[in-house]
Amino acid sequence: MIVLTQAAVTEIQRLQASSFKPDSLLRLSVKTGGCAGLYYVVEFASSARARDRVYESHGLSFAIDEESDRYLDGLKLDYSEDLMGGGFRFQNPNAFTSCRCGHSFSVEST
């Protein structure tokens, strides 16, 4: 299960409105790369793909591809602003280590 905080939902809705695509679907995924080996991708899409899992939180729909879903199960996506600027914050119980920026992580080897 993925949890979006109200602050994250508000920012996502603001981004949708500013791009004139209020019906766009939020897509969360994980790609190989970044400082720690894997990194988060947050983007908008016009629709879900065939193998996506679609979730809803606070009335907002979002999709996660099947491969990324295993890395993101239990993720809490937040948004906050500080003196260095605003951004999404990822609290991922699957992350074994994270980089300083918080956008890259690794998982424990099995």
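Structural data are supplied above this passage.
In this report, the structure presented in the accompanying data block is examined. (Residues numbered from 1 in each chain as written. Predicted model: local features only at pLDDT ≥ 70, side-chain atom pairs only at ≥ 80, totals over all residues. Heavy atoms only, no water.)

## Points about the nonpolar core
No. 1: In this structure, L28, L72 and L77 are the most contacted members of the largest nonpolar core, which totals 21 residues.
No. 2: Not counting residues up to four positions away in its chain, the partners in contact with L72 are I2, L28, S29, V30, Y40, I64, N92 and N94. (Core = buried A, V, L, I, M, F, W, Y, C linked by side-chain atoms within 4.5 Å. Buried < 20%, exposed > 50% of the residue type's maximum accessible area, 1.4 Å probe, protein only. Contact = heavy atoms within 4.5 Å.)

## As for the sheet that holds strand 8 (residues 97–98)
No. 1: Here six strands make up an open sheet; going across it, the order is 4-5-2-3-9-8 and the pairing mixed. Only two strands of the sheet have a single neighbouring strand rather than two, namely strand 4 (52–57) and strand 8.
No. 2: Here nine bridges tie strand 2 (residues 25–33) to strand 3 (residues 37–45), and the two strands are oriented antiparallel to one another. Bridging across to strand 3, G33 finds its partner in G37. (Pairing = 2+ DSSP bridges. Helix = DSSP H or I, 4+ residues; strand = E, 2+ residues; numbered from the N terminus.)

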